[in-house]
Amino acid sequence: MPVLEINSISKAYGRIKALDNVSFKIPKGSVFGLLGPNGSGKTTLLSIVLDVLQSDSGRYNWFGESPSHLHRKKIGSLLETPNLYHYLTAVQNLRITQSISGRGNEEDIHAVLEKVNLHERKNSRFSTYSLGMKQRLAIAAALLGNPDVLVLDEPTNGLDPVGIAEIRDLIKELAIDGHTVIMASHLLDEVEKVCDHVAILKHGHLIACGTVEDVLSAEDCLLLSAADQLLLTEKMRAYPGLLRMNTTAEGLECYFAKGASSAEMVNRFCFEQGLVLSQIWVKKKRLEEKFFELTNE
């Protein structure tokens, strides 16, 4: 059973369609990345499933049931800027959050501070924290009550490389502890490092969804080199099943439908055309490449 099931959700602001008939499922225990350019509908979608906004049409289910206040207690969230008081300590801030949300207790406050590695600074004012520490405290607030699901909107936004690494490691630890993590982000490299599932939005439309491996492996890519690159390019145009080619500084990138070809088959084809390849290797596409390929179509 999925943790969250989104069915045909649409949302418009006047003439602008923020979301257009979006549907997908988020598996329990996954680290799910929600990707898209600015204005793609990521924050709108998270706001709808957290009951901050109302959709124009469609529905969503948490834990296989229609959403209710009981389900909301199983969900911790961090949307946009952390809503914490600069002049209060970590413990004082979390007490306020606990009082408002009704999740957790005093013992829980100290447990989440341990989890985000801030217990030694529990009595320091929020204003004395680095950006990474502030973000970790905001995640600690979302963890009060030990929710099954964490929803994080741009959790590494504005952080330096050290802060980004801290949040990345924390998300990995939370997943190991059994939390389902749903995170919207524009940092594709970070998503690839921590997420096992991904959905990509463009102008409110869902254009790809699945495991990171499946999204990246819809095609096979072979990188080829020969003494005569121009002749290689000319001959490969006739290769059966070739989808497209791209000339790079590394060599000739040749794309095929998944499983439609192999390095051995391509090597044999080139040899029969009188070409000896100096290089042939399988190139794994990165999420960043796939993202720009999909969103620029």
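Above: the structure in question.
What you see is a predicted model; the values in this text were computed from it and never measured.

About the cut-offs
- Residues numbered from 1 in each chain as written.
- Predicted model: local features only at pLDDT ≥ 70, side-chain atom pairs only at ≥ 80, totals over all residues.
- Heavy atoms only, no water.
- Helix = DSSP H or I, 4+ residues; strand = E, 2+ residues; numbered from the N terminus.
- Buried < 20%, exposed > 50% of the residue type's maximum accessible area, 1.4 Å probe, protein only.
- Areas by Shrake-Rupley, 256 points an atom, 1.4 Å probe, with all protein chains shown as cover.
- Patch = residues over 30% accessible without salt bridge, like charges linked within 9 Å, V, L, I, M, F, W, Y side chains within 5 Å.
- Salt bridge = Lys/Arg side-chain N within 4 Å of Asp/Glu carboxyl O.
- Phe/Tyr/Trp six-rings, centres within 6.5 Å; stacked < 30°, edge-to-face > 60°.
- Pairing = 2+ DSSP bridges.
- Axes fitted to C-alpha atoms, helices over the stretch in contact; angles between N-to-C directions.
- Contact = heavy atoms within 4.5 Å.
- Expected span 1.5 Å × (residues − 1).
- Arc of directions from axis to C-beta.
- Core = buried A, V, L, I, M, F, W, Y, C linked by side-chain atoms within 4.5 Å.

**Looking at the overall build of the chain**
Across its full length, the chain holds 11 helices and 13 strands. The burial tally for the chain puts 47% of its 297 residues in the buried class. When the accessible surface of the chain is totalled, it reaches about 14,900 Å², and 50% of it is carbon and sulfur.

**Regarding a nonpolar patch on the surface**
A surface patch of nonpolar side chains, amounting to about 440 Å² of accessible area, comprises Tyr85, Tyr87, Ile96 and Ile100. Within the secondary structure, Tyr85 sits in the loop between β5 (75-78) and α3 (90-101). Tyr85 sits in the partly exposed class, given a relative accessible area of 37%.

**What about the packing of aromatic side chains?**
Per the stated rule, a full pass over the model turns up six aromatic pairs. Relative to Tyr87, the ring of Tyr85 has its centre 5.9 Å away and its plane inclined at 55°; by these criteria the two rings are tilted. Their ring planes at 70° and their centres at 5.4 Å tell us that Tyr239 and Phe256 sit as a pair that is edge-to-face. Of this pair, Tyr239 sits in the loop between α9 (229-236) and β11 (242-247) while Phe256 is found in strand β12 (residues 252-257), placing the two residues 17 residues apart along the sequence.

**Topic: the environment of Leu275**
Inspection of the secondary structure puts Leu275 in the loop between α10 (263-272) and β13 (277-282). You can call Leu275 buried: its relative accessible area is 6%. As for Leu275 and Lys235, which are separated by 40 residues in sequence, their C-alpha atoms are 8.8 Å apart.

**Observations regarding the sheet that holds strand β10 (residues 219-226)**
If you trace the four strands from one edge of the open sheet to the other, you get β11-β12-β10-β13, paired in antiparallel fashion. The outermost strands of the open sheet, each flanked by one partner alone, are β11 and β13. Adjacent strand axes in the sheet meet at a mean angle of 20° when their direction is disregarded. Pairing geometry for β10 and β13, over five bridges, is antiparallel. Note on β13: the bridge partner recorded for Ser225 is Gln279. Along the sheet face, α9 touches β10, β11, β12 and β13 and points at about 145° away from the line of β10. Each of β10, β12 and β13 is contacted by α10, which is oriented at about 160° to β13, the strand it contacts most.

**Quick notes on α3**
Residues lying three or four places apart along an α-helix face the same way, a consequence of the helix completing one turn every 3.6 residues. The end-to-end C-alpha distance of α3, which contains 12 residues, comes to 16 Å, matching closely the 16 Å that a straight helix rising 1.5 Å per residue would cover. Taken residue by residue, α3 has Ala90, Val91, Asn93, Leu94 and Thr97 as its buried positions. All buried residues of α3 fall inside an arc of 160° around its axis, so they share one side. Along α3, the residues that are exposed and aim more than 90 degrees away from the buried face are Ser99 and Ile100. Check the buried side of α3 and you find it contacts α4 (106-115) and α5 (131-143). Of the residues flanking the end of α3, it is Gly102, one or two places downstream, whose phi is positive at about 75°.

**Concerning the sheet that holds β5**
In space, the six strands of this open sheet follow the order β5-β6-β7-β3-β8-β9, with mixed pairing throughout. Edge strands, defined here as strands with exactly one partner in the open sheet, are β5 and β9 (205-211). Within this sheet the neighbouring strands show an average axis-to-axis angle of 15°, counted without direction. As paired strands, strand β8 (residues 197-202) and β9 are joined by six bridges and run antiparallel to one another. Along β9, the bridge assignment pairs Ala199 with Cys209.

**Observations concerning the nonpolar core**
Core analysis: the biggest nonpolar cluster contains 45 residues, and Leu35, Leu94, Leu113, Leu137, Ile139 and Ile171 have the highest contact counts within it. For this core, the leading source of residues is α5, giving eight residues. Every residue in contact with Ile139, bar those within four places of it in the chain, is listed here: Leu78, Leu152, Ile167, Leu170 and Leu174. With 25 residues, the next largest nonpolar core counts Leu4, Phe32, Leu34 and Val151 among its residues.

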